[in-house]
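One letter stands for each residue in the lines below.
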Amino acid sequence: MSVELERRGLPTAVISALPPVAQELGANRVVRGVKIPHPCGDPTLEPDADRALRLRIVRAALKSLTQPTSRPTIFDPA
Amino acid sequence: MRIVHFLNQFYGRLGGEEAADTPVRVVDAPVGPGTRLQELLGQRADIVATIVCGDNVAAEEPSTFRDAVQRILQERLADVFVAGPAFNAGRYGLACGAACCVAAELGVPSVTALYPENPAASLYRRELVIVPTTATASGMQAALTRLADLAVRLGNGDALGPPWVYGYLPHGFRRVELREKTAADRALDMLAARLRGEPFQTEVPLPDVARVDPAPPIADLSTATLAVVTTSALVPKGNPDKLRQSYSTEWRSYSIAGLERLEPGAWESMHGGFDTSAANADPHQVVPLDVLRLLEGATFGRLHDRYFVTAGVGTAVSAAQRMGAEIAAELLSSGAQGVILTAT
């Protein structure tokens, strides 16, 4: 789906727990998520730490939308 | 071995678009690229006839075209039928495919050559032997060499081996065969070859997904409208629109306008492919609305009023492509400039 969104000019940050797979399938902006059932956080952490982790992941996603890339690229949360 | 060859009006030396209405005609000799094909065939086979037909006639009068091809193949006692190469020519490619199907109905083996993205290639690749070519005639020599070898092989009634050995487009199925080594041994051999940096041939090729050039980045994030798309199947509790749990062919969209958070109990994941307890206990694990609201108006402009959702389980690539295209159309018409897609 991300390929089709990008094809139509919409930069798309894919938050995925399997970044190499997303990259292999042609997703151009891949952000490293946590685990398949919870890519945007870690429910085993305390709520504040979980939210801080989520903030880092989403910031990485936002940053990837502003970055020029020429090929499928993995962006790591800071 | 008797070969009948098919060409369109251009390669048949009748002319370009102005000759595209030329009806089917036969020449009892190689023509155009057929001359080189005959050289490559050498003593192995003879091109006894060349069928030439205008692109428009083949496309607009399919039954006339088919009948003529059938009659000629029978009259000339063809052992093998060769069509093209048609490269990336649309009407020509379709004519090659249709003509090869006529040969198949007569029990005459056939082979054609097309650019893999020629629409005829996707239409006929499962049933016909198609040699992949370049988009333009620059790859003529390579295509004719492959065509000659495959035509002789087919004419001799020899079985075709795997596509990566014989150089035709994969038919998309696997043939059962006995191998000396077990699957475990073969897998380890491949792994060892890969570690040594040597070439190896996978037995389970991944689907070939078309690459696209990355979309240009957002120049000014602070004014951009962003949307969330998710394959996590997060829907309002009770799944009011009956989103399927797996093998998705459809997506839904739900309003998040004015919502600061996704409350547990109000939303649930219908995803049939992972343990949804974490997502149900805190939907932000799959749709990070809480932190997006925090960053909205500061780091980026605003969040789209709706999010878009499907269940990414066993979804066919073609269905995913269609859904992606449909969601993109929706987003573009409502002013979105970028997407955060959470994949589970």
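Residues numbered from 1 in each chain as written. Chains lettered and ligands numbered in written order. Predicted model: local features only at pLDDT ≥ 70, side-chain atom pairs only at ≥ 80, totals over all residues. Heavy atoms only, no water.

Novice: So what's going on with the interface of chain B and chain A? Residues and values would help.
Specialist: The interface is formed by 50 residues belonging to chain B together with 46 residues belonging to chain A. Across the interface of chain B and chain A, roughly 3900 Å² is buried in total on both sides, 70% from carbon and sulfur atoms. There are three salt bridges connecting chain B and chain A. Remark: the boundary between chain B and chain A carries 14 residue pairs in polar contact (both at pLDDT 80 or more). Sorting the residues of the side of chain B that touches chain A by element identifies strand 7 (225-230), helix 9 (277-281), helix 10 (289-295), helix 11 (317-333) and strand 13 (338-342) of chain B as the ones contributing at least two each. Ranked by the residues each element gives to the side of chain B that touches chain A, the list is headed by helix 11 of chain B, at nine residues. (Contact = heavy atoms within 4.5 Å. Buried area = accessible area lost by both parts, 1.4 Å probe. Salt bridge = Lys/Arg side-chain N within 4 Å of Asp/Glu carboxyl O. Polar contact = N/O pair within 3.5 Å; in protein donor to acceptor, adjacent residues only side chain to side chain. Helix = DSSP H or I, 4+ residues; strand = E, 2+ residues; numbered from the N terminus.)

Novice: Help me get a handle on the packing of helix 1 (residues 33-41) of chain B against helix 6 (residues 140-155) of chain B, residues and values and all.
Specialist: For any two helices packed against each other, one specifies the inter-axial angle together with the distance between the axes. All names here are of chain B. Running from amino to carboxyl end, helix 1 crosses helix 6 at an angle of 55 degrees, the nearest separation of the two axes being 9 Å. Judged on the interaxial angle alone, helix 6 and helix 1 are oblique. Between helix 1 and helix 6 the crossing geometry is right-handed. Judged by residue contacts, Pro33, Arg36, Leu37, Leu40 and Leu41 of helix 1 engage Met140, Gln141, Leu144, Thr145, Leu147, Ala148 and Val152 from helix 6. Looking at the contact of helix 1 with helix 6 residue by residue, the class counts come to nine nonpolar, two polar and one charged. (Axes fitted to C-alpha atoms, helices over the stretch in contact; angles between N-to-C directions. Parallel < 35°, antiparallel > 145°, perpendicular 65-115°, else oblique. Left-handed = near helix turned anticlockwise from the far one by under 90°. Nonpolar A, V, L, I, M, F, W, Y, C, P; charged D, E, K, R; others polar.)

Novice: Which residues make up the nonpolar core, and what are the values?
Specialist: A general tendency of soluble globular proteins is for nonpolar side chains to be buried together. Phe6, Phe65, Phe81 and Val111 of chain B are the most contacted members of the largest nonpolar core, which totals 59 residues. The residues contacting Val111 of chain B, other than those within four sequence positions of it, are Phe81, Val82, Ala83, Cys100, Val129, Val131, Leu147, Leu150, Ala151 and Leu154 of chain B. Core analysis: the next-biggest nonpolar cluster, separate from the first, contains 40 residues, Ile15 and Ala61 of chain A together with Leu221 and Ile256 of chain B among them. (Core = buried A, V, L, I, M, F, W, Y, C linked by side-chain atoms within 4.5 Å. Buried < 20%, exposed > 50% of the residue type's maximum accessible area, 1.4 Å probe, protein only.)

Novice: Residues and numbers for the packing of aromatic side chains, please.
Specialist: On inspection of all chains with the given rule, the structure shows eight aromatic pairs over all chains. Taken together, Phe6, Phe10, Tyr11, Phe65, Phe87 and Tyr92 of chain B form an aromatic cluster joined through their ring pairs. (Phe/Tyr/Trp six-rings, centres within 6.5 Å; stacked < 30°, edge-to-face > 60°.)

Novice: Report on the sheet that holds strand 1 (residues 2-8) of chain B, specifying residues and quantitative values.
Specialist: Adjacent strands of a sheet pair through backbone hydrogen bonds, lying either parallel or antiparallel. Residue and element names in this part refer to chain B. Judged by pairing direction, the sheet is mixed, and its six strands sit side by side in the order 2-3-1-4-5-6 without closing on themselves. Both edges of this open sheet fall to strand 2 (25-27) and strand 6 (130-132), since each of them pairs with a single strand only. Within the sheet, the average angular offset between the axes of one strand and its neighbour, ignoring direction, is 20 degrees. As paired strands, strand 1 and strand 3 (residues 46-53) are joined by seven bridges and run parallel to one another. Following the sheet pairing, Leu7 is matched in strand 3 by Val52. Helix 1 contacts strand 1, strand 3 and strand 4 (80-87) of the sheet and is inclined by roughly 160 degrees relative to strand 3. (Pairing = 2+ DSSP bridges.)

Novice: Any chance you could break down helix 11 of chain B for me, citing the residues and the numbers?
Specialist: For helix 11 of chain B, which comprises 17 residues, the first-to-last C-alpha distance of 24 Å matches the rise-based estimate of 24 Å (1.5 Å per residue) to within 8%. Those residues of helix 11 of chain B that sit buried are Ala319, Ala320, Met323, Gly324, Ala325, Ile327, Ala328 and Leu331 of chain B. Tucked into the core, helix 11 of chain B has its buried residues touching helix 1 (2-7) of chain A together with strand 7, strand 12 (306-309) and strand 13 of chain B. Just downstream of helix 11 of chain B, Gly335 of chain B is the residue with a positive phi angle, here 85 degrees. (Expected span 1.5 Å × (residues − 1).)

Novice: Quick one: what's the story with the side chain of Ser232 of chain B, residue by residue and with numbers?
Specialist: All names here are of chain B. One can find Ser232 in the loop between strand 7 and strand 8 (234-236). Of note is the side chain of Ser232, whose polar atom sits 2.7 Å from the side chain of Thr230. Once you skip the residues sitting within four places of it in the chain, Ser232 turns out to touch Ser269, His271, Phe274, Val286, Val287, Thr310, Thr342 and Thr344.

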